[in-house]
Amino acid sequence: QIYPYGSTGKLPYTTMGSGSLAAMSVFEQGWREDMPENEALELVRRSILAGVFNDLGSGSNCDTCVIRMDGTVSYNRGDVTPNPVQPLRDAIRHSSKLSISAGTTAVLSTKNQRFAVTLADVDVVEA
């Protein structure tokens, strides 16, 4: 684990972020040494989902990345999507009074203008 200020810790597993307590509980229950990759990946998915479902500040998708000892990497974007959104959206009935048709608000004028900025125009300051 690499902490925000650069210190490191060598741990068999770790969790970070606002859902980390729920995720850690899944790891504590399910982790064991020498797990096969597919079981370890499933444990990671379950721990991330525990964070998602038990913390309002967590996101809603699960991406996984496996970095193997031989240097190969598998990155799975959207590996698990916990809540299929479309059925929920389809179930909501909106009032027609909330629908605003195109052209309801008149556009009085438009103006597009290009700006050129060079490095000489920019001041760089240290914080």
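Cut-off values and rules
- For every chain, the first residue of the written sequence is number 1, and numbering continues from 1 along that sequence.
- Only residues with pLDDT of 70 or above have their local features reported here, since the model is predicted, and side-chain atom pairs are shown and tallied only from 80 upward, although totals for entire chains, interfaces and linings are computed over all residues.
- Side-chain figures throughout are based on the complete set of non-hydrogen atoms in the structure, without hydrogens or water.
- We count a stretch as a helix when DSSP gives it H or I for four or more residues in a row; a strand needs E for two or more, and each element gets its number in order from the N terminus.
- Throughout, the radius of gyration refers to the C-alpha atoms, and the reference size of a globule is 2.2 Å times the residue count to the power 0.38.
- The cut-offs for exposure are 20% and 50% of the maximum accessible area for each residue type, with area from a 1.4 Å probe on protein chains only; residues under the lower value are buried, those over the upper are exposed, and the others partly exposed.
- Any pair of residues with heavy atoms lying within 4.5 Å of one another is described as a contacting pair.
- pLDDT is a per-residue confidence score from the predictor, ranging from 0 to 100.
- One fewer than the residue count of a helix, multiplied by 1.5 Å, yields its expected span.
- In this analysis, rings of Phe, Tyr and Trp, with Trp reduced to its six-membered ring, are considered paired at centre separations within 6.5 Å, and the interplanar angle assigns stacked below 30 degrees, edge-to-face beyond 60, and tilted for intermediate values.

Side note on the overall build of the chain
In terms of helices and strands, the chain carries 3 helices and 2 strands. The C-alpha radius of gyration of the chain comes to 24 Å, more than 25% above the 14 Å expected for a compact globule of 127 residues. Its C-alpha atoms give the chain principal-axis dimensions of roughly 70 × 55 × 30 Å. Out of the 127 residues belonging to the chain, those deemed buried represent 17%. A separation threshold of at least 6 residues defines the contact pool for the chain, and within that pool the share at least 24 residues apart is 25%.

Notes on the confidence of the model for the chain
Confidence in the prediction for the chain averages 84 pLDDT; 98% of positions are at 70 or higher. Averaged pLDDT values for the elements of the chain fall to 75 in helix α3 (residues 85-91) and rise to 92 in helix α1 (residues 20-30).

Quick notes on helix α2 (residues 37-53)
Between the first and last C-alpha of α2 there are 24 Å, a value that for 17 residues agrees with the 24 Å anticipated at 1.5 Å per step. Burial in α2 covers these residues: L41, L43, R45, S47, L49, A50, G51 and V52. Contact partners of the buried residues in α2: α1, β1 (62-67) and β2 (73-80).

Quick word on the packing of aromatic side chains
For the structure shown, the criterion picks out 2 aromatic pairs. With 5.2 Å between their ring centres and 10 degrees between their planes, Y13 and F27 make a pair best called stacked. Taken together, the residues Y13 in the segment before α1 and F27 in helix α1 connect sequence positions 14 residues apart. With relative accessibility at 21%, the residue Y13 sits in the partly exposed group. Accessibility expressed as a relative area gives 9% for F27, which makes it buried. With a centroid separation of 5.3 Å and 50 degrees between ring planes, the pair formed by Y13 and W31 is classed as tilted. Linking Y13 in the segment before α1 with W31 in the loop between α1 and α2, this pair joins segments that are 18 residues apart in sequence. You can call W31 partly exposed: its relative accessible area is 30%.

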